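Fold and geometry: a report
If you want the building blocks of each chain, they are given just below.
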Amino acid sequence: MKLSARNQFKGTVTKIEKGAVNAIVGIEIGGGNVMTATVSLAAVKELGLEVGKEAYAVIKATSVMVGID
């Protein structure tokens, strides 16, 4: 798989919380860090996502916001 996105993190699926239309997928990327993404239920099925399987968290964004209290 080749992508233009430079922020690619290989990890292990730790959770899949299914809703009516979408699912929240957690991927542990090392050091106890978990990235989550909201994806369609169709994507979960098509990718064969299951807890314990390897997957990539890929980030392609035009802006990232940072805030403080």
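So, here is what we can say about the structure in this document.

Parameters at a glance
- Residues numbered from 1 in each chain as written.
- Predicted model: local features only at pLDDT ≥ 70, side-chain atom pairs only at ≥ 80, totals over all residues.
- Heavy atoms only, no water.
- Salt bridge = Lys/Arg side-chain N within 4 Å of Asp/Glu carboxyl O.
- Helix = DSSP H or I, 4+ residues; strand = E, 2+ residues; numbered from the N terminus.
- Buried < 20%, exposed > 50% of the residue type's maximum accessible area, 1.4 Å probe, protein only.
- Pairing = 2+ DSSP bridges.
- Axes fitted to C-alpha atoms, helices over the stretch in contact; angles between N-to-C directions.
- Core = buried A, V, L, I, M, F, W, Y, C linked by side-chain atoms within 4.5 Å.
- Contact = heavy atoms within 4.5 Å.

Some points on the pattern of salt bridges
- On inspection of all chains with the given rule, the structure shows two salt bridges.
- Across the pair Glu54 and Lys10 runs a salt bridge whose closest N-O atoms are separated by 3.4 Å. Of this pair, Glu54 sits in strand β4 (residues 54–59) while Lys10 sits in strand β1 (residues 7–18), and the two are 44 residues apart along the sequence.
- Residue Glu54 is classed as exposed on the basis of its relative accessible area, which comes to 58%.
- A relative accessible area of 48% means that Lys10 is categorised as partly exposed.
- The shortest N-O distance in the salt bridge between Lys15 and Glu17 comes to 3.3 Å.
- The exposure class assigned to Lys15 is partly exposed, which follows from its relative accessible area of 30%.

Here's the deal with the sheet that holds β4
- The antiparallel open sheet is built from four strands, whose spatial order is β3-β2-β1-β4. Pairing within the sheet leaves two strands with one partner each, and these edge strands are β3 (33–40) and β4. The average angle at which neighbouring strand axes cross in this sheet is 45°, direction not considered.
- As defined by bridge partners, β1 adjoins strand β2 (residues 22–30) across six bridges and the pair is classed as antiparallel.

Looking at the nonpolar core
- Val13, Ala23, Val25, Ile27, Val44, Leu49, Ala55 and Ala57 form the largest nonpolar core, which has eight residues in total.
- Contributions of two or more residues to this core are made by β2 and β4.
- Ignoring anything within four residues of it in the chain, the contact list for Ala23 reads Ile16, Glu17, Lys18, Ala37, Thr38, Val39, Leu41 and Val44.

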